[in-house]
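Close look at the chain arrangement
Each chain is listed here by its residues.
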Amino acid sequence: MLAPSCRASAVSLQAPAGRGRGLHVQNRERLSQRSASPAVASSSIWVATAFGLSTLVGTRRRWRRSCRLAAVKTAERTALPPKVLSFLQSAGESATSTAAPGKGGNASLEGIRRADMVWQRIKERSARKAQGEDLDPPKQVVRRGETKSSPTGMQSFDVVVCGGTLGILVARALQNEGYSVCIVERGVVRGRDQEWNVNAQELEPLIQQEIISREEADQALQSSWPSSRVGMEGTHAVEFHAGALNAGVSPKVLVDAARRRFEAAGGVIMEQTMLDAIDIFDDGALLQLSQQAEGKVQLRARLVLDAMGAGSPIVAQARNGAPPDAACLVVGTMASGFPAEANKGGDYLYACTPKKGSKKSGHQAFWEAFPSENGGKDGTERTTYYFTYVLPGLDNLPSITNVFEEYVEALPEYQDVRLEQLEVRRALCASFVAYKDSPLPTPFDRVLQVGDAAGIQSPLSFGGFGALCRHLPRLSCAISEALTHDLLKATDLSQINPYLPNLSMQWTMYRSIAQPPEDEPEFVTRMMGGILSASARCGDEVMMPILQDVFSLGSLAPTLASWMSRDPGIIPLFVRSMGVSNVTAALSHLASLTLYTGLSKLEPLLRPYADTLPAAERFQWHRRFEAWKYGSGLDYEH
Ligand SMILES: Cc1cc2nc3c(=O)[nH]c(=O)nc-3n(C[C@H](O)[C@H](O)[C@H](O)COP(=O)(O)OP(=O)(O)OC[C@H]3O[C@@H](n4cnc5c(N)ncnc54)[C@H](O)[C@@H]3O)c2cc1C
């Protein structure tokens, strides 16, 4: 059964021009009503105390004051410096109102504390590994069942998706293929408030696969602007504008639309339900769950999809507890009070004077900035992100609090504002981790990673939502084919997350940004600015895929040629920053990219032959075709 969405992979991803992207106020009000209570449930004890007080006293004003007080106390526990603290005080209320379960969902001061703890643990483990220590083995979440056949008598589904942020999109795609699907989510299935920035046409696969309708996609597209700036200051300064990353999608509206459709079509959602373990049998998987209300619960599934993000316990087990190879530390805010006139465009990537702000680590810091929700009612709302790439095993790495401090210090000059002008609506932060060996080929029968857990997102842009949209047609086809022919062993499923040379190329670039030559303070801006402006010189066809994380031979070859011919002096520095082994790896990925590009051209000749083969071999060939196409960036359509 290869159902409609498999065919959708052949459909053009062109965006229709001129779609409306207005704010849909009613929709947003309804959504915020629905989402308030779980957010309160997950906030800190201080916030809970504040909330309790406000109920007693019964006035909104006092409630707001106590929330603010609670947030300040939370911030005190994070040891935030006074300047940061006073800047973030106005984020107090969001500590109670915006916590959503996915990555970046906890937009509060408590969120900073938690993100710092997560990052601290990663740093400690990486340092121990670098010193040659044995790390504690991860929890064995996936286990082999003791019998051949799974027990019966519990609710059973074709697919259970664990994690409902991007998981809802995959769940809906498989439901459309005719499978019974259940979502297990430890929190609630709700998108966060903070927008995902994409290009509008990246939503097209969601529409083609009928995950949401075009109208719903238009509602979710809350912000758009004509172009975003790419700029690097310094001796090798560059600045240009491109129509990339120039739209903001509301995860809340998008996830809610997908959820409504999923439930209306009979999909089951189990919220406040935690995956504890999965027992694998020859004929199915048994999920061991803990529910807030019911206690221990079991579900049976033919296939389990792990959509629990980069922190998934299954990923930790699959990677044998290895700490990540890369981490991008991101902080920022969504705040009002920016000059409305200057809030009409975005920054795709901007670096002020070399290494300015990144005092603690000496790493180059970058900015991204966008109008939020089309600037809000008065046009002054803006998101500003500040981030830096690091290698987790190195010494002297900053904490997220350190990076936040740098952000607050550097923001006024970067945006030409005074901090006192701004009212912070949300404080944002995360450590995005990446593994060199990505995507992750599952080592388990009947379990497959999707979303950030799979590692299909670029380590440079951390655009996991955009990456999932791009891969969704391929994923739903492949998963559907695996289910249809019962090809659910690790050897089958691992082919769905294959080696993608263009993604590995991005890792090698990461390496040179995260560990530049110490005596070359401008190396990173010179390299990034040089590459991006070279792609711009080659025209939109070359530049746009690169700006959207899709490296193809057609975009890389002219870019690299133009970059190196303009700045040949960068080559020895580049080699020095990468190290010989990474240069060799980069060249081998480039060779594979070239090979995959050639092989992909053979697909039309090979497909008729492949389609005559028995199911298992046919499945293998189909996955090969996909790996060639996606691994060489030939899936990209502008
Ligand atoms: C500040 C910030 C800005 C970003 N901006 C962009 C952007 O502009 N564009 C873009 O494309 N991406 C962006 N991202 C990345 C994007 O948010 C992630 O790629 C995306 O959230 C990944 O979704 P996921 O579902 O794979 O994982 P997650 O978001 O990590 O969600 C995992 C889900 O699994 C659930 N879960 C975890 N453990 C269990 C368990 N044991 N049992 C049951 N459920 C469990 C969690 O509650 C959660 O709902 C941004 C992220 C951040 C932090």
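Each remark here, short or long, concerns the structure printed above.
These numbers were taken from a predicted model, which means no experiment stands behind them. Along every chain, residues carry numbers that run from 1 in the direction the sequence is written. Side-chain atom pairs in this predicted model are given and counted only at pLDDT of 80 or more, local residue features only at pLDDT of at least 70, and totals for whole chains, interfaces and linings cover all residues.

**Some thoughts on the sheet that holds strand β4 (residues 196-198)**
Taken in spatial order, the three strands of this open sheet run β4-β8-β5, and their pairing is antiparallel. Each edge of the sheet is formed by a strand with only one pairing partner; in this case those strands are β4 and β5 (221-224). Ignoring which end each strand starts from, the neighbouring axes of this sheet average 30° apart. Here three bridges tie β4 to strand β8 (residues 247-249), and the two strands are oriented antiparallel to one another. Considered in β8, the bridge of Trp-196 is made with Val-249. Being paired, for any two strands, means DSSP has found at least two bridges between them. Secondary structure follows DSSP: runs of H or I at least 4 residues long count as helices, runs of E at least 2 residues long count as strands, and numbering of each begins at the N terminus. Interaxial angles span 0 to 180 degrees and are taken between N-to-C directions of axes, which are lines fitted to C-alpha atoms, for helices over the stretch in contact.

**Things to note about the nonpolar core**
By convention in this section, buried Ala, Val, Leu, Ile, Met, Phe, Trp, Tyr and Cys residues joined through C-beta atoms within 7 Å make up a nonpolar core. Buried means a residue has 20 or more other C-beta atoms within 10 Å of its own C-beta, exposed means 12 or fewer, and partly exposed covers the counts in between; C-beta atoms are placed from the backbone. With 165 residues, the main nonpolar core has Val-160, Val-170 and Leu-287 as its most contacted residues. At 10 residues, the largest contribution of residues to this core is made by helix α14 (residues 464-484). Residues in contact with Val-160, not counting those within four places in the same chain, are Cys-182, Val-184, Leu-287, Leu-299, Ala-301 and Val-304. By the convention adopted here, residues make contact when the C-beta atoms placed from their backbones lie within 7 Å.

**Details of the pairing of strand β6 (residues 228-232)**
With four of five residues buried, β6 is to be regarded as a mostly interior element. As defined by bridge partners, β6 adjoins strand β7 (residues 238-242) across five bridges and the pair is classed as antiparallel. Among the inter-strand pairings, Arg-229 is bridged to a residue of β7, identified as His-241. Connecting β6 to the next strand, β7, in antiparallel fashion are five residues, including Gly-234 with a positive phi near 115°. The pairing of β6 with strand β14 (residues 346-351) spans five bridges and is classified as parallel. Bridge pairing links Val-230 to Leu-349 in β14.

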